[in-house]
Amino acid sequence: MTFTLTLSFADLLLLLPEIVLTCWLCLVVIVDFAFPRLPKEQLAILSITGLLATLGCLVWFDVTHVSGALFGNMFVLDRMAIFFKIFIVGSTALVILASIQYVERFRFFRGEYYVLVVMSALGMMFMSSANDLLSLFVSLEFSTLGFYILVGYLREDLASNEAGLKFFILGVFAAGLLAYGISLVYGETGKLVFSDMNLSATPGAIIGFLLIFAALGFKIGAVPFHSWIPDTYHGAPTPVTAYLSIAPKGAAFAILLRIFFVALASFKPMWVILLVAVSILSMTYANIVAIAQRNIKRLLAYSGIAQVGNVLIGLAAGTKMGNDAIMFYLLAYLFANLGAFAVVIAVSHAIGSDDIDDYNGLGRRSPFLAFSMLVFLLSLAGVPPLAGFIGKLYIFIAAIKEGLYTLITVGLINIVISMYYYMIVVKKMYINEPTNPSPVTISGPMKAVVYVGLAGTLVIGIYPQPFIDWVVGATLMFSNLPVPSAIVTPSLPPFGG
Amino acid sequence: MGEYALLYILFAPFAGALALILVSNRQPMLVRGIAASAAFVSLVASIYLFYAYDPVKGGFQFIQKFEWSRQLGISLHLGVDGIGTPLVLASAILLFTGIFVSWHIRDRAKEFYIWLLILAAATIGVFMSLDLFFLYFFYEMSVIPMYLLLGMWGSHTKRYLEMTDTEGLKLRDSVGYIFNFGSNSKEYAAMKLVLFLSAFAVAALMGILLIYKYAGLNTFDILVLREHANLMNIPVLGTTLDKIIWVLVFFGFASIAPLWPLHSWSPVGHAAAPAATSMLHAGVLMKLGHFSIIRVAFEILPETTREMMPIAAVLCMFSIVYGGFVAFYAKDTKYVIGYSSSSHMGYVFLGMAALNYISLSGAVIYMFAHAMATGMLFAMAGWVYDQTHTRDLPSLGGLSNKMPFISGCFVVGCMASIGMPGTVNFIAEIMIIVGSWEKYPLQVIVAVLGIVLTMAYLFKMMRSLFYGPMNQQYSHAHDAVSAVDRLPLLVMIAVSVGFGIFPMHLYDVVRSGVDPLIARITHVVPVAQSGDGLGAKSEATIPVVRDHVPLVANNPVALTPDPSRGHE
């Protein structure tokens, strides 16, 4: 297999966001070493500036409809890739903003923290453009590398060490599965690029794709591959948990969409069963186990698994509309989950605890934080008029058009189950009286993150049309997918006839 | 302003809630003032709506339509017909009076009013939604404010088993105890309410999604779906699809109504809620169930409704009798009123089940009338609780000396609830009973006995609250003297009695909404129309016998094709 690497300047333009971010990453490293006395907040602001510059490039690409493919189709830049890159870069910027206060807890390597976060973002940006198995493997491992370190960043904290170790061992195991799966698929088809594969259902290819799915399932935390999630989320520094719960899921879903909708499009009847099973397991298991949690980070970890189950409903629909719904849902999930974690960071900074019992009376101690948490949890639960409700409904509509009744029924029942544990937190915040009535204060950057979360959750919930237009426009290349029958306007019976 | 009336009614409370966020709790008068003025705007606009609604023209009026999502086929489509109009008015009245009833709330008053306004706005939103999505949107939106209102400002109930009657005997009505798993805390009540309503709401959502899919029109618009959706005769799981959808929608929404046996969240919720919340809960929130069934099941699945409505006719008997007996034995003022409400909602189901012009109109008027009557009772139970800090009937008594105004109003409230002539409840009850008699005589007998039962438990409660020897422990209790405290009760009494004496406009409005609905469901048009009022409509369908104008049209004739219309 040979590549003809003739890169013109116009081709490099497609890589502009990544190039900007890479340069900026180097800049942050250099500044960190060159000015050791520089307050680390400045470094955070520097990183955020770089991310915003990247975001600017991406928005410009999206508006001007820049698209293309590089390196023999290994790297594609279409509007879906741009959507996921905006998703990743935006969440990274917010996570860095939410980290500024938390970083003071680290004894060492405060500057490197920002570098690692941005580096993972870079890896995930490549992931969302990955269009073949090799670039998938490389970019996935590249992004995970940063996370391995970040999860164990609290060196004195045993829980953090355990989390890092657990994440590392299981992550490497998943990487092994991925590599094995890739080699099997390559051996069967002789192709690496998704769109070139002429698959037939040979045992090698099936096992290969199952292994690849397992590795990606590990990234998103779907149920048979979820075992690392609660402990890792619990032990990791909370901003890293927030990051881990959002950005990698977005990047992994970008790849899942490409694999299932491009490479495996003709095998839909087979993988629908797989996805339905994984989705049902994820939602039901995570929601039931979440009821028993006493720690807010673990609760959000299980809630995240359940949310992934919900997103998989859209993937199981296997239509363009399902694809749109997934992206819309992830957008709603970004704001709600990030906002919830921001509140957790703020509260744990003030009272030094992540136990749900310590949220007692938060409604009196900090009405703003309690109200924000209420909004975020209700959005995760899917209560109107918040973003999560529209997201869930969008996914259900996409799925019911494909006739996935069992899945929708399970999904609806799970809404009720999840309502219970979210309301338990609400109860502690609003109904229980505080044991310590001192007010909880919140720093400026945290407040900004919470405001962004609130704004996103409410705006998407109340006026979703621009966002729906965006995701629908971003997946136009999937227009060749089977169109749900109901979208084709049937001939109306004549009026009054 | 006229055509935007619905927007004012719906968004004034939301705007009030937004404005309240910016105000501090340290200025209680400003907080109350904002809440009251938001509710006042809503009230004035809904009074305008009620009188500007043209019953001769009928149909949906004041329509507002804004596209919300093209891809999903959702638009914010608002409009009221003769069924929605009185319920919007009732919600606005109860919101306005509820704000005055809760005037003395000290703890986190701002938050209280915010959630109360959102709750009322959400219920109002359901009553004017012509889009299935927004109907569900507002419906589900009303649940969370209830949770917070109950949890934060509610009160615990004394545990049933610890309650004794005057002879020191343990109570017999352990029914409630069993269904509540021994817990009568407000947290329990609030959580039960949320889970119960959400669980059944998702069933209704499943029904709505099935309608959306099988209609194949890529729209949630009720007006389009009822004209063009063809959901009949699709075999599924050994039955037909329309029946499955109907069952999902009916039971999904009947849980909030609350229909026996789905009622158990309701009295517990009433008991835990603060007075203004109970008023909205019993007054309008419960009517969301009936209303949504009418809007979704009756409008979109008329044939199935005719086939399946006997289910409601059976269950409503249990509602009436069970609710009545538990109310009789309950020892807690709010349980009595709560079970009485759930019993009275059985009458509405009876009126709906009989599916004729008189009974369904009666059911709609009953919803309006019950909102006023039960609103009064809850407001006064709340006042007594505020004064004595107990709702335990055996320990209360003789309060009429201390609060003559309240006890006077309470008598009126009881009379309204029983359905004395002169109140609008009487008109509603008589219409339900007369209208349903031909189809469901057994249920009508039960309903009449239910009225006797109502009289029994309300008189019993009245006696043990206001008459008999007074417990000296409560000698500090005082009457509602200030205008702020008296206003809500007087408003509700005025509405109840006013429409009881001059019901014609209310009747015309309701009939204009009920007529096309029943005509669609039963293919029967009313035989008798008075020359004025609804005459215009009947001329288009059948010749009217003008010399014979009975008050009650329960001899329908079959619809025959009108030769003058010709074929299309």
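Residues numbered from 1 in each chain as written. Chains lettered and ligands numbered in written order. Predicted model: local features only at pLDDT ≥ 70, side-chain atom pairs only at ≥ 80, totals over all residues. Heavy atoms only, no water.

### Regarding the overall build of chain B
In step 1: Per the secondary structure count, chain B includes 22 helices and 6 strands.
In step 2: Relative to its 568 residues, chain B shows a buried fraction of 67%.
In step 3: Considering only contacts within chain B whose residues lie at least 6 apart along the sequence, 79% involve residues at least 24 apart.
In step 4: Counting only carbon and sulfur atoms, one obtains 66% of the accessible surface of chain B, whose full area is about 18,800 Å². (Helix = DSSP H or I, 4+ residues; strand = E, 2+ residues; numbered from the N terminus. Buried < 20%, exposed > 50% of the residue type's maximum accessible area, 1.4 Å probe, protein only. Contact = heavy atoms within 4.5 Å. Areas by Shrake-Rupley, 256 points an atom, 1.4 Å probe, with all protein chains shown as cover.)

### Quick word on the side chain of Q101(A)
Residue and element names in this part refer to chain A.
In step 1: Summarising the element assignment, Q101 is placed in the loop between helix 4 (79-99) and helix 5 (110-129).
In step 2: Under the relative-accessibility criterion, Q101 is labelled buried at 16%.
In step 3: Looking at Q101, its side chain comes within polar contact range of the side chain of H349, at 3.3 Å.
In step 4: Side chain to side chain, Q101 and S443 meet in a polar contact 3.4 Å long. (Polar contact = N/O pair within 3.5 Å; in protein donor to acceptor, adjacent residues only side chain to side chain.)

### Side note on the domain arrangement of chain A
Residue and element names in this part refer to chain A.
In step 1: Here chain A is partitioned into domain 1 (14-166 + 230-253) and domain 2 (264-480).
In step 2: When each unit is reduced to the centre of its C-alpha atoms, the spacing between domain 1 and domain 2 is 22 Å.
In step 3: Taken together, the contacts link 32 residues of domain 1 with 38 residues of domain 2.
In step 4: Taken over both partners, the interface formed by domain 1 and domain 2 buries close to 3,200 Å², and the fraction arising from carbon and sulfur atoms is 75%.
In step 5: Looking only at domain 1, the three residues that lose the most surface to domain 2 are F83, Q101 and F253, adding up to 22% of its buried area.
In step 6: Here R298 ties to D231 by a salt bridge, and the two come within 3.1 Å at their closest N and O atoms.
In step 7: Between domain 1 and domain 2 we count 15 residue pairs in polar contact (both at pLDDT 80 or more) in total.
In step 8: Broken down by secondary-structure element, the contributors of at least two residues to the side of domain 1 that touches domain 2 are helix 4, helix 9 (229-235) and helix 10 (238-263).
In step 9: Top element by residues in the side of domain 1 that touches domain 2 is helix 4. It accounts for 11 residues. (Domains from an automatic or database assignment. Buried area = accessible area lost by both parts, 1.4 Å probe. Salt bridge = Lys/Arg side-chain N within 4 Å of Asp/Glu carboxyl O.)

### Remarks on the pattern of salt bridges
In step 1: Counted under the stated rule, the structure contains 22 salt bridges over all chains.
In step 2: Here D62(A) ties to R79(A) by a salt bridge, and the two come within 3.3 Å at their closest N and O atoms. Pair noted here: D62(A) is in helix 3 (residues 40-64) and R79(A) is in helix 4, with a separation of 17 residues, a long-range link. Accessibility assignment for this pair places D62(A) and R79(A) in one class, buried.
In step 3: Between R511(B) and D515(B) there is a salt bridge whose closest N-O contact spans 2.8 Å. With R511(B) and D515(B) both in helix 21 (residues 504-522) and 4 residues apart, the pair spans about one turn of that helix. With respect to burial, R511(B) and D515(B) carry one shared label: buried.

### Description of the side chain of S143(A)
In step 1: Looking at where S143(A) falls in the secondary structure, it is placed in helix 6 (residues 133-151).
In step 2: Beyond its immediate sequence surroundings of up to four residues, S143(A) is in contact with S120(A), G123(A), M124(A), M127(A) and K219(A).

### Some words on the packing of aromatic side chains
Residue and element names in this part refer to chain B.
In step 1: Under the counting rule described, the total for this entry stands at 56 aromatic pairs over all chains.
In step 2: Ring centres 5.2 Å apart and planes at 80° place the aromatic pair F112 and W153 in the edge-to-face group. Taken together, the residues span a long stretch of sequence, with F112 in helix 4 (residues 109-128) and W153 in helix 6 (residues 143-153) at a distance of 41 residues.
In step 3: Judged by its relative accessible area of 0%, F112 is buried. (Phe/Tyr/Trp six-rings, centres within 6.5 Å; stacked < 30°, edge-to-face > 60°.)

### Points about a nonpolar patch on the surface
In step 1: Taken together, the side chains of L165(A), F168(A), I169(A) and V172(A) define a hydrophobic patch exposed on the protein surface, amounting to about 370 Å² of accessible area.
In step 2: Looking at the secondary structure, you find I169(A) in helix 7 (residues 158-189). (Patch = residues over 30% accessible without salt bridge, like charges linked within 9 Å, V, L, I, M, F, W, Y side chains within 5 Å.)

### What to know about the packing of helix 17 (residues 405-430) of chain A against helix 6 of chain B
In step 1: Contact pair helix 17 of chain A / helix 6 of chain B: the axes reach a minimum separation of 10 Å and the direction vectors enclose 40°. Our classification of the angle between helix 17 of chain A and helix 6 of chain B gives oblique. In terms of crossing hand, the pair formed by helix 17 of chain A and helix 6 of chain B is right-handed. Taken together, the residues of helix 6 of chain B that come into contact with helix 17 of chain A (itself represented by M423(A), V426(A), K427(A) and Y430(A)) are I144(B), Y147(B), L148(B) and M152(B).
In step 2: A per-class count over the contact of helix 17 of chain A with helix 6 of chain B returns 7 nonpolar, no polar and 1 charged. (Axes fitted to C-alpha atoms, helices over the stretch in contact; angles between N-to-C directions. Parallel < 35°, antiparallel > 145°, perpendicular 65-115°, else oblique. Left-handed = near helix turned anticlockwise from the far one by under 90°. Nonpolar A, V, L, I, M, F, W, Y, C, P; charged D, E, K, R; others polar.)

### Let's talk about the interface of chain B and chain A
In step 1: In this assembly, 39 residues from chain B lie in contact with 47 residues from chain A.
In step 2: For the pair chain B and chain A, the two sides together bury roughly 4,000 Å², of which 75% comes from carbon and sulfur.
In step 3: Of all residues in chain B, W68(B), K213(B) and H228(B) bury the most surface against chain A, accounting for 15% of the area lost on that side.
In step 4: Where chain B packs against chain A, one counts 2 salt bridges.
In step 5: When the shortest N-O distance is used, the salt bridge between D469(A) and R70(B) registers 3.2 Å.
In step 6: Elements that contribute at least two residues to the side of chain B that touches chain A include exactly strand 1 (61-69), helix 5 (132-141), helix 6 and helix 8 (186-215) of chain B.
In step 7: Among the elements that take part in the side of chain B that touches chain A, helix 8 of chain B stands out by supplying 15 residues, more than any other.
In step 8: Tallied by class, the residues present in the side of chain B that touches chain A amount to 24 nonpolar, 7 polar and 8 charged.

### Considering helix 20 (residues 483-501) of chain B
In step 1: For helix 20 of chain B, with 19 residues, the first-to-last C-alpha span of 25 Å sits near the 27 Å given by 1.5 Å per residue.
In step 2: Regarding helix 20 of chain B, the residues found buried are D485(B), P488(B), L489(B), M492(B), I493(B), V495(B), S496(B), F499(B) and G500(B). (Expected span 1.5 Å × (residues − 1).)

### Regarding the environment of A45(B)
Residue and element names in this part refer to chain B.
In step 1: In this fold, A45 is placed in helix 2 (residues 28-52).
In step 2: Sequence separation between A45 and G513 is 468 residues, and the spatial gap between their C-alpha atoms is 20 Å.
In step 3: For A45, the residues in contact, after removing those within four places along its chain, are A5, Y8 and I9.

### Structural notes on unusual backbone geometry
In step 1: With an omega of 5°, the peptide bond between P384(A) and P385(A) qualifies as cis.
In step 2: Assignment of secondary structure puts P385(A) in the loop between helix 15 (367-381) and helix 16 (387-401).
In step 3: Cis geometry marks the peptide bond from A257(B) to P258(B); its omega dihedral reads -20°.
In step 4: Residue placement: P258(B) occurs in the loop between helix 10 (241-254) and helix 11 (265-272).
In step 5: With a phi angle near 50°, R108(B) is a residue other than glycine that sits in the positive phi range.
In step 6: Along the chain, R108(B) falls in the loop between helix 3 (84-101) and helix 4.
In step 7: In this structure R108(B) comes out as buried when scored by relative accessible area, which is 10%.
In step 8: Within the chain, L355(B) stands out as a residue other than glycine whose phi angle is a positive 55°.
In step 9: Mapped onto the elements, L355(B) comes out in the loop between helix 15 (333-354) and helix 16 (357-388).

### Description of the confidence of the model for chain A
Regions with low pLDDT should not have their predicted coordinates read in detail.
In step 1: Averaged over all residues, the pLDDT of chain A is 86; the fraction at 70 or higher stands at 95%.
In step 2: Between residues 484-497 of chain A, whose pLDDT stays under 50, and residues either more than four places distant or in other chains, the model counts 19 contacts. (pLDDT = per-residue confidence, 0-100.)

### Details of the packing of helix 2 of chain B against helix 4 of chain B
All names here are of chain B.
In step 1: Two numbers describe how helix 2 lies on helix 4: the axes approach to 9 Å, and their chain directions differ by 10°. Here helix 2 is positioned roughly parallel relative to helix 4, judged by the angle of their axes. Within the contact between the two elements, helix 2 uses V31, R32, A35, A38 and S42 and helix 4 uses A109, K110, Y113, L117 and I124.

### A word on the pairing of strand 2 (residues 74-80) of chain B
All names here are of chain B.
In step 1: With 7 of 7 residues buried, strand 2 is to be regarded as a mostly interior element.
In step 2: Side chains I74, L76, L78 and V80 project from strand 2 onto one buried face, and the interleaved S75, H77 and G79 project onto a second face that is buried too.
In step 3: By the bridge criterion, 6 bridges tie strand 1 to strand 2 in an arrangement that is antiparallel. Each residue of the ladder has a partner; that of S69, found in strand 2, is I74.
In step 4: Linking strand 1 to strand 2, which pair antiparallel, is a turn of 4 residues; within it G73 sits at a positive phi near 70°. (Pairing = 2+ DSSP bridges.)

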